[in-house]
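Each chain is listed here by its residues.
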Amino acid sequence: MRGITALSAVAALWLASAGTGTTAPSLTVLCGVDETWCAAMKTAYEARSGLEISMTRKSTGEIFNQIRAEKAAPTVDVWWGGTGDTHLQAGSENLLEPYQPAHERDMLPWAQNFFAMSGGRSAGIYAGALGFAYNADLLRELKLPAPTCWKDLADTTYRGRIQSGNPSSSGTAFTTLATLVQLFGEDEAFRYLAALNRNIERYTTSGAAPVKAAARGETLIGISFMHDAVTQKQAGFPLVIVAPCEGTGYEIGAVSIVKGARNLAEAKRFVDFALSPEGQGTGAASGQNQVPSNANSSLPSAAPDISMIKMVDYDFATFGSPDERSRLLHRFNAEIAATN
């Protein structure tokens, strides 16, 4: 517990001091992973390159919206982290710069497939399965049954005791939405989401926030990627992590260079570092548990074994398309979020 607190303190200090320098940074990065990993990556890259860089943590949807809004005059060089389907959408809108990274041949097959799917605009850096986690102490105190399936979460037993991300801002939550559509079919998925909505205490901006709230006992159940829950459990919180019985989706976290990047050469060097074993090792070093994409990278000891989890054949091409993403978000906002 003291270790994670120390990491959080370092991240807080980094966030407070970011952007206070008087000289322009050599590279500007928007970071879509946990704050502690953002801070560790910034430190590692600056030590490796001898340069000062700017790195700001935002949710995936917020990063995408900023890059889209700045299309005519980008202020960002690299988008590092966050769910791959959103990177694919940005690529299809011609917001990203193609690049053949140095470590592409070292990537695991799922990462190579993702790179090809993106047209060489985005490279997979990690993978992780979607699920949920509940606070075992709170469950025992409330004398409630333990959920094991997606459908369990819609039971009135859990009224007002669940948190989930908002898919308009959270890549994690959009993965949840797309996963449910692929598992149940769209109309059945939205009927399920309407029932689940009655149990949702709040929709969060960040995808990891729900399991962090469950870890602290602020809510009973958080829907998030399983590796985010593992990090909280490693810190000593009483979480039970669930791979839903019906099956689940997964993310491929990605890195992309923004089209029109002002520091293009340095952006390419950052992408190479992010795909190297050294760069990917910053994840485990900061307490993260995603599966790295480089075959030569070390797997975090507590990373969920995604080969043992029942997975949907996640359709990144369909759910990474601008039209499909926009249509689903519009339906979610109109039918679900508006009634919460």
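Residues numbered from 1 in each chain as written. Predicted model: local features only at pLDDT ≥ 70, side-chain atom pairs only at ≥ 80, totals over all residues. Heavy atoms only, no water.

- An unreviewed UniProt entry lists the protein chain under the name Iron ABC transporter substrate-binding protein, with Rhizobium sophoriradicis as the source organism.

Side note on the overall build of the protein chain
And step 1. A count of helices and strands for the protein chain gives 14 helices and 11 strands.
And step 2. For 340 residues, the compact-globule estimate of 2.2 N^0.38 gives 20 Å, and the C-alpha radius of gyration of the protein chain, at 19 Å, lies within 12% of that figure.
And step 3. The principal-axis extent of the C-alpha atoms belonging to the protein chain is close to 55 × 45 × 35 Å.
And step 4. Out of the 340 residues in the protein chain, the part that is buried amounts to 55%.
And step 5. Within the protein chain, contacts between residues separated by at least 24 positions form 77% of all contacts whose residues are at least 6 apart in sequence. (Helix = DSSP H or I, 4+ residues; strand = E, 2+ residues; numbered from the N terminus. Rg over C-alpha atoms; globule rule 2.2 N^0.38 Å. Buried < 20%, exposed > 50% of the residue type's maximum accessible area, 1.4 Å probe, protein only. Contact = heavy atoms within 4.5 Å.)

Description of the domain arrangement of the protein chain
And step 1. Split into domains, the protein chain comes out as domain 1 (2–127 + 251–304) and domain 2 (130–250 + 321–339).
And step 2. Relative placement of domain 1 and domain 2: their C-alpha centres are 25 Å apart.
And step 3. Facing 23 residues of domain 1, the contacting portion of domain 2 comprises 22 residues.
And step 4. A buried area of about 1800 Å², summed over both sides, lies between domain 1 and domain 2, and 53% of it is on carbon and sulfur atoms.
And step 5. Between K212 and E35 there is a salt bridge; the shortest N-O distance is 3.8 Å.
And step 6. Taken together, domain 1 and domain 2 are joined by 10 residue pairs in polar contact (both at pLDDT 80 or more). (Domains from an automatic or database assignment. Buried area = accessible area lost by both parts, 1.4 Å probe. Salt bridge = Lys/Arg side-chain N within 4 Å of Asp/Glu carboxyl O. Polar contact = N/O pair within 3.5 Å; in protein donor to acceptor, adjacent residues only side chain to side chain.)

What to know about the pattern of salt bridges
And step 1. Under the defined criterion, the tally for this structure stands at 15 salt bridges.
And step 2. A salt bridge links D137 to R140; the nearest nitrogen and oxygen atoms lie 3.2 Å apart. Within this pair, D137 and its partner R140 are both found in helix α6 (residues 136–142), separated by 3 residues, close to a single helical turn.
And step 3. When its relative accessible area of 40% is taken as the criterion, D137 is described as partly exposed.

Considerations on the packing of helix α7 (residues 171–184) against helix α14 (residues 322–335)
And step 1. Across the interface, α7 lies against α14 with an axial gap of 11 Å and an inter-helix angle of 95°. Taken as axis vectors, α7 and α14 run roughly perpendicular relative to one another. In contact with F174, L177 and V181 of α7, α14 contributes R325, L328, L329 and F332. (Axes fitted to C-alpha atoms, helices over the stretch in contact; angles between N-to-C directions. Parallel < 35°, antiparallel > 145°, perpendicular 65-115°, else oblique.)

Considerations on the packing of helix α3 (residues 60–69) against helix α4 (residues 84–92)
And step 1. Orientation of α3 relative to α4, taken along the N-to-C sense of each, is 10°, at an axis distance of 10 Å. The pairing of α3 with α4 is recorded here as roughly parallel in orientation. Along its contact with α3, which presents T60, F64 and R68, the element α4 presents T86, Q89 and A90.
And step 2. Of the residues belonging to the contact of α3 with α4, the class tally is 2 nonpolar, 3 polar and 1 charged. (Nonpolar A, V, L, I, M, F, W, Y, C, P; charged D, E, K, R; others polar.)

Focus: α4
And step 1. Counting buried positions along α4 yields 8 of 9 residues, so the element is predominantly enclosed.
And step 2. Those residues of α4 lying buried are G84, D85, T86, H87, L88, Q89, A90 and G91.

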